[in-house]
Amino acid sequence: MTVPHTGTLPESARADRLLELVAPKLQLVEEELRRNFQSPIRTINDVGQHILGGGGKRLRPALLLLVANMLRYDGYRDVVYAAVVEFIHNATLVHDDIIDEAAVRRGRTSINYRWGNDLTVLVGDYLYAHSMNIALAEGNLEVLRLLSNATIRMIEGEILGLEQNGRADLSIDDYFEVVGRKTAALFAACCRIPACLVDVPESAAAALFNYGYNLGVAFQLIDDLLDFTSSTEILGKPALSALKEGKLTLPLILATPRATTRERETIARIAAARSFDDVDPAEVHAIVEKYGSVDQTRDYARDYAKRARVALEQFPPSDAKEALDLALDFVMERDK
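Everything numeric in this text was worked out from a predicted model, so none of it was measured.

Q: Would you take a moment to explain the side chain of threonine 266 for this structure?
A: Among the secondary structure elements, threonine 266 is positioned in helix H14 (residues 261-273). Contacts of threonine 266, omitting those with residues within four sequence positions, involve Val279 and Glu283.

Put into C-alpha cells, the structure is as follows:
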C-alpha cells in the first residue's frame, strides 16, 4: 500500500491516511492505556476515564509505531512503549494544567478544575511512575534510559519556562532552549525507541532521534502560531492562552525588537499581569501582524520540518517512511 499525497485534503482526512498503516496497533495502544488505568483506587479509574475520554491526536504513539514499521519490527513491544510515551505525555499535560491554572483541556473541563490541584498533582506523579514501571517490566535498559532522560529534560524545560514566566525580554535562544526540552525531547525518544528493538547501525538510530527532535520543534512552533491565528472553539483551549499565562512565544519574541516603546510596554504588561483586563487582545494580534512575525514563525517551522525530512533520507523507500514524511505535512498544516 502506498500512502498517497494528501496536501489538498482536510486535516481529518490527512490524519486518517497517516494512521492507516498503524491503525490496528494504535487500537492495541488504546487497550493498553485503558488496562493500565485500571486500579483498585476508584479515583484513578475516574480520572483515567476522563483523560482517555478527551481523546487527543496520539501523534507520539503513532510516530513510534510508524518508525517500528519502517524498521520492519514484528512484535508487541512497540505497542507497549507507545502506551508508555502517551502516559508520559499525559502526565506533562496534567502538571501543565495545574501550573497554568487551565480550566479547559481538549475542549473539556481540566482535571485540576474538576478534582482540585492536590489530587491532580498526585495523578501526574502516578502517570510518570506508572509509565516507568511499565517500561521497566519490558527489561530494555536502553529504552528505559531514553525515557528517563526525556522525562528529565521535559521537567527541566518546564522549570526553565517557569523561570521565564512574566518576562518580556526573552531571546530566540531562550525560547528554543525550552522547546528543545519540554516538547522535542519526547518526540525524539519516541522515534529513537524502535531502533532499540531491532538491529540497526547507530547512525540510523541517531537519524531517527534527529527526525523526532526536529519534528517536535516544528510541532511546538505551529502550536504557538495557532495560539495567535486560531480560535478557542477550534483549539479546545482559550486562544492567546500562552501570553495570558505570562509566556512569550516566538511570534511575540520576533516582534518585540522592532516594536515601538508603547507596544513593548503592552506586551510586558500582559505578561506580567497574566491578564487581558486592561488590554484588548486585538492589540496583540495587530503587533504580530504588523511585524510579520507570524510568517517568520512559520518559516522557522518549515526549516525544522526540512531538517526532519533530511534525517529520513538514509532509509529505503517504504510505506512507513512515506507516512513519516506525511507526518511533517500534517504537523505543518494542522489547525488545532
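Here the narrative resumes, following the displayed structure.
Q: Can you walk me through the packing of helix H7 (residues 117-138) against helix H8 (residues 141-164) in this structure?
A: Angle between the axes and distance between the axes: these two values describe a pair of packed helices. The interhelical angle for the contact between H7 and H8, taken along N-to-C directions, is 165°, at an axis separation of 10 Å. Regarding the angle of H7 to H8, the classification is roughly antiparallel. Both H7 and H8 take part in a crossing whose hand is right-handed. Within the contact between the two elements, H7 uses Tyr128, Met132, Ala135 and Leu136 and H8 uses Leu144, Leu147, Ser148 and Thr151. Looking at side-chain class alone, the contact of H7 with H8 contains six nonpolar, two polar and no charged residues.

Q: Teacher, can you tell me more about the environment of phenylalanine 176 here?
A: Within the secondary structure layout, phenylalanine 176 lies in helix H9 (residues 172-192). A residue is classified by how much of its surface remains accessible, and phenylalanine 176, at 16% relative accessible area, is buried. As a C-alpha pair, phenylalanine 176 and glycine 157 span 19 residues in sequence and 9.9 Å in three-dimensional space. Aside from chain neighbours lying at most four places away, what touches phenylalanine 176 is Val217, Leu221, Leu250, Tyr300 and Tyr304.

Criteria and cut-off values
Residues numbered from 1 in each chain as written. Predicted model: local features only at pLDDT ≥ 70, side-chain atom pairs only at ≥ 80, totals over all residues. Heavy atoms only, no water. Helix = DSSP H or I, 4+ residues; strand = E, 2+ residues; numbered from the N terminus. Contact = heavy atoms within 4.5 Å. Axes fitted to C-alpha atoms, helices over the stretch in contact; angles between N-to-C directions. Parallel < 35°, antiparallel > 145°, perpendicular 65-115°, else oblique. Left-handed = near helix turned anticlockwise from the far one by under 90°. Nonpolar A, V, L, I, M, F, W, Y, C, P; charged D, E, K, R; others polar. Buried < 20%, exposed > 50% of the residue type's maximum accessible area, 1.4 Å probe, protein only.

Geometric values such as these leave the question of function open.
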